[in-house]
Every structure is written in structure tokens, then in C-alpha cells.
Amino acid sequence: MGKAVTSHRTPKPTSPLRANSAFRQHRELDSLMHTLIKNVLAATEPKDAVTVKGWVRTRRDAKGFSFLELNDGSCFGSLQCVVDAGTPGYDGIAHFTTGASAVIEGKLVASPAQGQKWELRATKIELIGEADASYPLQKKGHTLEFLRSIAHLRPRSNLFGAVFRTRSRLALAVHEFFQSRDFFYVQTPIITASDCEGAGEMFRVTTLMGKPDAKSEADFFGKPTFLTVSGQLEAETFACALSNVYTFGPTFRAENSNTARHAAEFWMIEPEMAFCDLAGDMDLGEEFIKAMARYALEHCAEDLAFFSKFVDKGLNERLKFVVERPFVRVPYTEAVEILNKSGKKFEFPVSYGQNLQSEHERFLTEEHFKSPTTVFNYPREIKPFYMRLNDDQKTVTAMDVLVPGIGEVIGGAQREERPAQLAENMKFHKLNEQDYWWYADLRKYGTVPHAGFGLGFERLLMFLTGVSNIRDVIPFARTPGNAEF
RNA sequence: UCCAGAGUAGCUCAAUGGUAGAGCACGCGGCUGUUAACCGUGUGGUUGUAGGUUCGAGUCCUACCUCUGGAGCCA
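Now for a description of the structure that goes with this document. Here the structure is a predicted model, which is why all the values come from computation and not from measurement. (Residues numbered from 1 in each chain as written. Chains lettered and ligands numbered in written order. Predicted model: local features only at pLDDT ≥ 70, side-chain atom pairs only at ≥ 80, totals over all residues. Heavy atoms only, no water.)

**Let's talk about helix 6 (residues 301–310)**
Here's step 1: Three or more residues of helix 6 are buried, namely Asp303, Leu304, Phe306, Phe307 and Ser308.
Here's step 2: Contact partners of the buried residues in helix 6: helix 3 (158–179), helix 5 (278–299), helix 7 (315–324) and helix 12 (457–465). (Buried < 20%, exposed > 50% of the residue type's maximum accessible area, 1.4 Å probe, protein only. Helix = DSSP H or I, 4+ residues; strand = E, 2+ residues; numbered from the N terminus. Contact = heavy atoms within 4.5 Å.)

Below is the structure:
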């Protein structure tokens with residue numbers, strides 16, 4: 001240990017968006033520290049003294065020297081280091097095995113061989129921490145199932161490094177999208193007492209462990225509390241004050257869902273706009289998805305190239321298509337007609353008043369329109385109380401954005417802003433008005449038409465990376481029976 | 001939760017009801033500006049768990065567990 005691990009100061013900011021900001025103040029210190037491999041590989045000319053720190057991906061020994069491939073996760077690629085016998089530290093070369101951490105100093109030179117532009121001719125190598133022979137990540141491909149069982153190590157693999165770099169950049173893109181449109185970021189509570197909209201089974205939050213007979217009045221908050229299933233109702237209160245707001249945070253559903261697109265803990269993005277109707281809501285949803293696709297193409301090109309090659313061959317085409325073409329918009333009633341006239345045999349029959357099944361959604365977006373599709377104006381019976389009743393008295397201003405391969409990515413609506421109608425909606429859905437007194441107050445004091453939607457961040461990532469299981473786009477997945485890490 | 005499929009070495013997979021094997025990983029030796037390096041060699045197993053059928057079960061039967069795909073709930 002010692003010197004090798006002492007420099008942990010924030011390296012220079014490298015986000016293109018922060019290039020000229022005050023965040024660059026540590027830049028001068030960079031030369032005293034190590035250089036991220038991302039910056040080494042982007043060099044435009046040879047350099048005399050470079051120090052890199054990372055984890056050994058592989059070592060290939062030759063007579064009299066070795067190739068060490070070092071990766072620090074700062075970018076997709078690894079740096080090939082050439083270490084001659086006799087280089088300080090070479091006597092311990094056998095310990096530089098896959099997974100070991102190391103510091104390498106050397107000269108950056110143009111590589112004489114195919115496969116890489118630059119390589120580091122080592123002048124000194126130092127082992128930081130060796131990797132036990134049982135290190136499970138091999139140089140060969142692994143199944144996603146196996147990698148899930150080593151979630152603490154999988155970020156060191158090509159795929160998961162790419163996924164989580166992309167996730168980070170898109171999280172920033174979410175904020176930039178909304179902030180640049182004058183939306184304010186609202187942090188809605190994670191612990192909540194309201195059963196909200198019946199959006200799903202909830203996790204109970206309590207300090208009454210081991211006291212099964214205790215009344216909820218004796219609980220920490222003096223009433224039953226849960227982990228939030230949505231920040232929407234709270235976001236509405238802020239939209240009715242700051243005009244345009246969004247949430248971006250963890251959401252919890254205690255459903256016993258066992259699918260590739262459900263998790264018990266996931267991140268949801270919920271914009272809410274005052275003085276906005278359903279059309280404006282659909283516009284925002286479409287713009288948002290297009291902007292995310294564009295951002296990924298522009299800022300995650302290297303990682304996307306990997307996804308296109310090994311995860312989803314059609315990814316780049318699809319993202320370009322999404323960016324360039326308008327989404328299809330179709331009323332629910334018309335969607336049902338299309339499905340009925342399709343001549344296609346569905347496992348579940350299509351009929352008005354029923355929710356669209358996965359197979360129906362897939363047909364619309366993958367076969368019929370071959371495009372992301374927004375379905376709107378659903379029957380009120382199958383949608384929550386807060387959605388605005390249309391003049392036909394039968395449908396509500398709901399909208400779902402469906403994308404090929406994933407299904408529903410966005411669920412949203414224009415909200416019911418008329419106090420009497422909101423009360424009627426609650427009766428219709430057999431809800432207790434008293435439980436929503438503060439929500440109803442928004443309609444009592446200066447009500448405005450407003451609209452918003454919820455978007456699953458992980459589902460968005462699945463769509464943008466081609467990764468087909470939600471467990472593989474979230475760092476540590478929580479699903480029924482699984483919270484190991 | 002329902003339907004279907006699968007659990008064999010650290011990983012990926014073979015094995016008619018009849019002596020459990022290969023590749024990779026790992027160890028050792030060799031070779032080479034190599035790049036999923038290569039060649040030789042060695043180590044490595046309570047066949048998911050518990051029962052049952054049989055002279056004999058990785059293989060057939062029952063239950064359970066786990067995972068995968070599909071469905072429901074949704075984002």
C-alpha cells in the first residue's frame with residue numbers, strides 16, 4: 001500500500017457540459033496524480049510520463065516482457081501496457097492477474113501493432129491489491145444470470161461498465177432536459193402515508209417490529225406509513241406553485257412481479273406541468289424520449305457501439321429512427337378497432353373496456369405502426385381517479401407511450417382539475433375523499449388544468465441500450481426474493 | 001401468483017438406466033509484439049435439496065428450492 005493509493009482527489013471534470021465551468025478548479029493538480037485511461041487513450045501525441053491506475057483485465061507473457069491490459073472504467077477501452085523484464089516491479093509480474101489492481105508508470109507511445117493506437121511502455125509497475133485465484137470474472141463471455149450472482153463485481157465487465165456509464169450520463173441528461181425547459185426539480189418524500197392512487201402493493205415502514213399487537217397510533221409517525229409508489233400527487237402540489245416541476249427518485253412496489261421489466265425498487269421520472277393539457281403532455285413525453293435517444297447517440301457513442309455489436313444489432317438504427325420520426329398517436333378506441341380488424345389471432349380477445357394486453361401493445365408498436373406509439377383517451381373504468389373525465393363522459397385523458405421491445409415506458413394524464421368532478425371520480429372509484437383532502441384543496445384554491453406523466457428510468461435505459469432485463473440496468477436489483485447486495 | 005423450460009467442476013456445456021467428460025478458468029512447463037494469445041501437462045464433482053422405483057439413477061417418478069422465458073400487476 002502506501003503511495004500507490006493516496007491520490008483520491010477529484011480528477012478534472014470531463015463532462016462536455018461542464019467543460020468551462022467552475023468545476024474545473026482541480027485541473028492543475030491533475031499532473032501530480034494519475035491520469036484516467038479515458039484521457040490517455042484520447043491523446044493526440046506521445047507523452048513522456050504517464051501514471052495510470054486500474055484493474056488488470058488480462059496479462060499475456062512473452063519471453064522477456066509482458067502485456068498488461070489495464071482498465072479503470074473511465075471509458076470502455078483498456079490501455080495496453082508493455083512491461084519489459086527488468087522494469088521495477090517486474091519480479092512480481094505473476095501477481096498481476098486478471099482482477100488485480102495496479103499502478104503503472106510509463107511512456108505513452110504509438111503502438112507498433114494492430115489493435116490499439118496507443119500503448120504504455122512501463123517504467124515502473126506496482127501492485128496495489130492482488131486478485132485471488134478464485135476471481136470469477138474471466139476473459140471469456142459470461143451469462144447475464146451468472147453476472148447477476150456477482151453483482152459486486154459485474155461493473156468490471158465490459159457490458160456492465162458500459163451500462164452504468166450510460167446510466168450515469170442519462171441521469172444527467174434527464175436533469176438537463178427539464179432544467180433547460182424551466183422545470184424545477186422537486187424531491188418528493190420516500191416515506192408516505194397516502195396510499196396514493198392504488199398504484200400497487202406498498203412496503204410498510206414501521207418501528208413496531210416484534211409488536212404485532214401495537215396500534216398504528218403508537219408507530220413512529222402516528223399512522224401507517226409506506227415507501228412511496230409515486231411522487232405524482234406531491235408533484236402536483238408543486239406544479240400548482242412553480243408551474244413546471246419534475247421528480248427523479250426511487251420508487252417502490254411490493255408486487256410479486258417476476259418479469260424482465262419489473263423491479264421492487266426502481267427510479268421514476270415524473271414531470272408535472274400547470275396550464276397544460278393532454279396534447280401538451282404527449283408532446284413532452286415524445287420530446288423527452290427523443291431527447292434521451294439523441295443524447296445517448298451523442299454522448300455514449302462508444303458504449304452504444306458495444307451494445308449494437310453484442311446486445312442488440314438493430315440498436316443504432318432504432319435510436320436514429322426514434323430521433324427522426326414522429327411517434328404515432330392513436331386514441332384507445334381506434335387502437336381497439338385496429339386490433340380487431342388486424343385478423344391476427346391473440347391469446348386474449350380484444351374488446352372495448354379492457355386493458356390492452358402485452359401482446360396487443362406489442363402488435364401495435366412492433367408490427368402495425370412499427371414505431372413508438374402513444375395511445376390516449378382510455379375508458380375511465382380502467383384508469384385511476386385523478387385522470388380528467390372527457391366530455392364523452394366515458395373516457396379519461398390518459399396516455400401511455402409504448403415502445404417496441406419494452407412496451408409501456410410512459411404512463412400519464414391530464415389531471416382532473418374540476419373540484420366537483422374530482423369528488424365524483426373518487427366516488428366512482430370508491431375512494432375516501434377524506435384521505436385526499438390536501439389533494440382536493442389544490443382544486444379548491446386556484447385550480448388550473450395540469451398534466452404530467454411517470455416514466456421508468458430503467459425501462460428507458462433498456463430501450464436505449466438494448467439490454468432486455470431490468471435487473472441488468474440497475475446497479476443492485478431488488479426483485480421478489482432477491483436483495484443480496 | 002399462473003404456464004412452460006432448465007439446474008452436472010469456479011464458468012459454459014456433454015454424457016441409450018450400466019466406470020461422470022470436454023473447453024475455458026486456475027497450477028506447472030514451453031513458445032511467441034501479444035491482444036478471448038498459443039502448445040503440453042496437472043488439479044478440480046455429495047450431478048439443486050429430500051424422498052421413491054430399480055440389481056444399478058446425472059438419466060425414470062413425487063415434493064420442494066432456485067433460475068430463465070411467457071402471462072398478470074405496472075413504470
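Additional details are given in the paragraphs that follow.
**Some words on the packing of helix 6 against helix 7**
Working note: a packed helix pair is described by the angle between its axes plus the distance between those axes.
Here's step 1: At a minimum axis distance of 8 Å, the contact between helix 6 and helix 7 shows a crossing angle of 120°. One way to sum up the angle between helix 6 and helix 7 is to call them oblique. Contact residues: Leu304, Phe307 and Ser308 in helix 6; Leu315, Asn316 and Leu319 in helix 7.
Here's step 2: A per-class count over the contact of helix 6 with helix 7 returns four nonpolar, two polar and no charged. (Axes fitted to C-alpha atoms, helices over the stretch in contact; angles between N-to-C directions. Parallel < 35°, antiparallel > 145°, perpendicular 65-115°, else oblique. Nonpolar A, V, L, I, M, F, W, Y, C, P; charged D, E, K, R; others polar.)

**Description of the sheet that holds strand 4 (residues 101–110)**
Sheet strands associate in pairs through backbone hydrogen bonding, adopting either a parallel or an antiparallel arrangement.
Here's step 1: Pairing is mixed around the closed barrel formed by five strands, whose spatial order is 1-2-3-5-4. In this sheet, adjacent strand axes meet at a mean angle of 50° when their direction is disregarded.
Here's step 2: Here strand 3 (residues 79–84) pairs with strand 5 (residues 118–129) via two bridges, running parallel. By the bridge assignment, Val82 is partnered in strand 5 with Arg121. (Pairing = 2+ DSSP bridges.)

**A few points about a nonpolar patch on the surface**
Here's step 1: The grouping of Ile190, Ile191, Phe220 and Phe221 at the surface amounts to a nonpolar patch, some 400 Å² of accessible area in total.
Here's step 2: Mapped onto the elements of the fold, Ile190 is located in the loop between strand 6 (184–185) and strand 7 (191–192). (Patch = residues over 30% accessible without salt bridge, like charges linked within 9 Å, V, L, I, M, F, W, Y side chains within 5 Å. Areas by Shrake-Rupley, 256 points an atom, 1.4 Å probe, with all protein chains shown as cover. Salt bridge = Lys/Arg side-chain N within 4 Å of Asp/Glu carboxyl O.)

**Considering the environment of Phe428**
Here's step 1: Structurally, the position occupied by Phe428 is in helix 10 (residues 419–428).
Here's step 2: A relative accessible area of 31% places Phe428 in the partly exposed class.
Here's step 3: In the structure, Phe428 is positioned 47 residues away from Glu381 in sequence and 8.6 Å away in space, judged by C-alpha atoms.
Here's step 4: Filtering out sequence-adjacent residues up to four positions away, Phe428 remains in contact with Arg380 and Glu381.

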